[in-house]
Amino acid sequence: MHHGRMPGAVRAIANEIGANKYTICGNGTLIYDLQKEKIIYNSFMEKKKVLDIIKICEENSIYYNIYTENEVIAKSLNYNILFYDKENSKRPIEKRTNINIVQDVYKYIELKDDISILKMTICDSNKAIFGGIIKTIKKIPKIDVLEIEHMSRKIIKDGTNEIPIEYYYTEIAKQNTNKWTAIEYLMKELNIKKEDVMAIGDNANDKEMVTNAGLGVAMGESMLSANKIGNVCVSNNNENGVAEAINKYINN
């Protein structure tokens, strides 16, 4: 089972659906063995690189957050973090995203010895400013910057009001860290052939696994289906597209 989220939130979902073997978290940054309750593979970001990126963001007043094994570190509730915060209020405690608001993020990361950083997210509502910062960050060696062309649009429900938040964002991880790389590690461990792997995805960070899996499934009305990525397309997430894929291609 695969997710961009952190181990705690994924574990809660895994319990709910009776998945009890492995979860891949943080876009392929780590594989967690649910039975042994331990990490069996990781591809964490180098602390020095993270500090370099923080510096660039700070100098350019760009909003960023840092995902560790158990929390998201940010300076304020904005963009994606604002959305998580609102979502948290609707969720049971075990499914919440642990948000840590820190005044001086650079110092916080610098002083923490045993910090495991899965990825960083960078957000801005201005396309030109965002594009400029991405160019600068891409010059840093041995990191991957996720290519996301579109603007993220999320709706926050506040009482009866619906407040849209729109922003450009990207995710930064250690080089060659993605969901497919982590799946390949598991395939080796469990002696599973590529032909026997099905991957279901809807976003830029799912591209590698949907392209490389024996059967790549694109969710309907998603970035992947729009770009014809994957072998087949199923209904969207509001119409049980994942269940459709499982019933059609696995249970048969």
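Please refer to the structure higher up on the page.
Remember, it's a predicted structure, so these values are computed and weren't measured experimentally. (Residues numbered from 1 in each chain as written. Predicted model: local features only at pLDDT ≥ 70, side-chain atom pairs only at ≥ 80, totals over all residues. Heavy atoms only, no water.)

## Focus: the overall build of the protein
Phase 1: The helix and strand inventory of the protein stands at nine helices and 13 strands.
Phase 2: Against the globule reference of 18 Å for 252 residues, the protein gives a C-alpha radius of gyration of 18 Å, in line with a compact fold.
Phase 3: For the protein, the C-alpha atoms occupy an extent of roughly 55 × 45 × 35 Å along the three principal directions.
Phase 4: The burial tally for the protein puts 45% of its 252 residues in the buried class.
Phase 5: Long-range pairs, those at least 24 residues apart, make up 52% of the contacts in the protein between residues at least 6 apart in sequence.
Phase 6: Entry remark: accessible area of the protein is about 13,600 Å², with carbon and sulfur atoms responsible for 46%. (Helix = DSSP H or I, 4+ residues; strand = E, 2+ residues; numbered from the N terminus. Rg over C-alpha atoms; globule rule 2.2 N^0.38 Å. Buried < 20%, exposed > 50% of the residue type's maximum accessible area, 1.4 Å probe, protein only. Contact = heavy atoms within 4.5 Å. Areas by Shrake-Rupley, 256 points an atom, 1.4 Å probe, with all protein chains shown as cover.)

## A few points about the sheet that holds strand E1 (residues 22-25)
Phase 1: Spatially, E1-E2-E3 is the arrangement adopted by the three strands of the open sheet, whose pairing is antiparallel. The open sheet terminates on both sides in strands that have one partner only, identified here as E1 and strand E3 (38-42). Averaged over all pairs of adjacent strands, the angle between their axes in this sheet comes to 25 degrees, without regard to strand direction.
Phase 2: Of the strand pairs in this sheet, E1 and strand E2 (residues 30-33) are connected by four bridges, and their pairing is antiparallel. By the bridge assignment, tyrosine 22 is partnered in E2 with aspartate 33. (Pairing = 2+ DSSP bridges. Axes fitted to C-alpha atoms, helices over the stretch in contact; angles between N-to-C directions.)

## With respect to the pattern of salt bridges
Phase 1: Considering all chains together, one arrives at ten salt bridges under this definition.
Phase 2: The salt bridge involving lysine 75 is made with glutamate 58; its shortest N-O contact spans 3.0 Å. Of this pair, lysine 75 sits in the loop between strand E5 (72-74) and helix H3 (79-88) while glutamate 58 sits in helix H2 (residues 47-59), and the two are 17 residues apart along the sequence.
Phase 3: Here lysine 75 falls in the partly exposed class, since its relative accessible area comes to 32%.
Phase 4: As a salt-bridge pair, glutamate 171 and lysine 119 come within 3.3 Å of each other at their nearest N and O atoms. Separated by 52 residues along the polypeptide, glutamate 171 in strand E10 (residues 161-174) and lysine 119 in strand E7 (residues 117-124) bring together distant segments of the chain.
Phase 5: Here the salt bridges do not stand alone but share partners, grouping Glu87, Lys90 and Arg91 into one network. (Salt bridge = Lys/Arg side-chain N within 4 Å of Asp/Glu carboxyl O.)

## A closer look at the layout of surface pockets
Phase 1: Approximately 360 Å³ is the volume attributed to the second largest pocket.
Phase 2: If you trace the second largest pocket, you find 23 residues lining it, with Leu146, Glu147, Ala204, Asn205 and Glu208 closest to the centre.
Phase 3: Its residues assigned to classes, the lining of the second largest pocket comprises seven nonpolar, eight polar and eight charged. (1 Å grid on protein atoms, 1.4 Å probe; cavity = no way out; pocket = protein on both sides within 12 Å on 5 of 7 lines; lining within 4 Å. Points joined across faces, edges and corners; volume = space filled by probe spheres on them. Nonpolar A, V, L, I, M, F, W, Y, C, P; charged D, E, K, R; others polar.)

## Some remarks on the nonpolar core
Across soluble globular proteins, nonpolar side chains have a tendency to be buried as a group.
Phase 1: Of all hydrophobic cores here, the largest spans 28 residues; its most connected members are Ile53, Ile66, Ile122 and Ile137.
Phase 2: For this core, the elements supplying multiple residues, two or more each, are H2, strand E4 (63-68), helix H4 (105-111), E7, helix H5 (127-138), strand E8 (143-145) and E10.
Phase 3: In terms of residue count, H2 provides more of this core than any other element does, six residues in total.
Phase 4: Not counting residues within four places of it along the chain, the set of residues in contact with isoleucine 122 comprises Ile53, Cys57, Ile62, Tyr63, Tyr64, Phe130, Ile133, Ile137, Tyr168, Tyr169, Thr170 and Ile172.
Phase 5: In this structure, Val10, Ala14, Tyr84 and Ile156 belong to the second largest nonpolar core, which totals 24 residues. (Core = buried A, V, L, I, M, F, W, Y, C linked by side-chain atoms within 4.5 Å.)

## Observations regarding H3
Phase 1: Buried residues dominate H3, accounting for seven of its ten residues.
Phase 2: Listing the buried residues of H3 in full gives Tyr79, Asn80, Ile81, Phe83, Tyr84, Glu87 and Asn88.
Phase 3: Buried residues in H3 make contact with E4, E5, strand E6 (99-101), E7, strand E9 (152-158) and E10.

## Some points on a nonpolar patch on the surface
Phase 1: Among the surface-exposed residues, Val242, Ile246, Tyr249 and Ile250 lie close enough to one another that they form a single nonpolar patch of about 320 Å² accessible area.
Phase 2: Position of isoleucine 250 relative to the elements: it lies in the segment after helix H9 (241-249).
Phase 3: Among the residues examined, isoleucine 250 registers a relative accessible area of 52% and is labelled exposed. (Patch = residues over 30% accessible without salt bridge, like charges linked within 9 Å, V, L, I, M, F, W, Y side chains within 5 Å.)

## Comments concerning the environment of methionine 187
Phase 1: By the secondary structure assignment, methionine 187 is in helix H6 (residues 179-190).
Phase 2: A C-alpha to C-alpha distance of 8.6 Å links methionine 187 and valine 197, two positions ten residues apart in sequence.

## A short note on the sheet that holds strand E11 (residues 198-201)
Phase 1: Across the sheet, which stays open at both edges, the three strands sit in the order E11-E12-E13 with parallel pairing between neighbours. Looking at the sheet topology across the chains shown, the edges are occupied by E11 and strand E13 (232-234). Across the sheet, the axes of successive neighbouring strands diverge by a mean angle of 25 degrees, strand direction being ignored.
Phase 2: Strand direction decides the pairing type here: E11 and strand E12 (residues 215-219), joined by four bridges, are parallel. Bridge pairing in E12 links isoleucine 200 to valine 217.
Phase 3: In the packing of H9 onto the sheet, the strands contacted are E11, E12 and E13, and the crossing angle to E11 comes to about 160 degrees.

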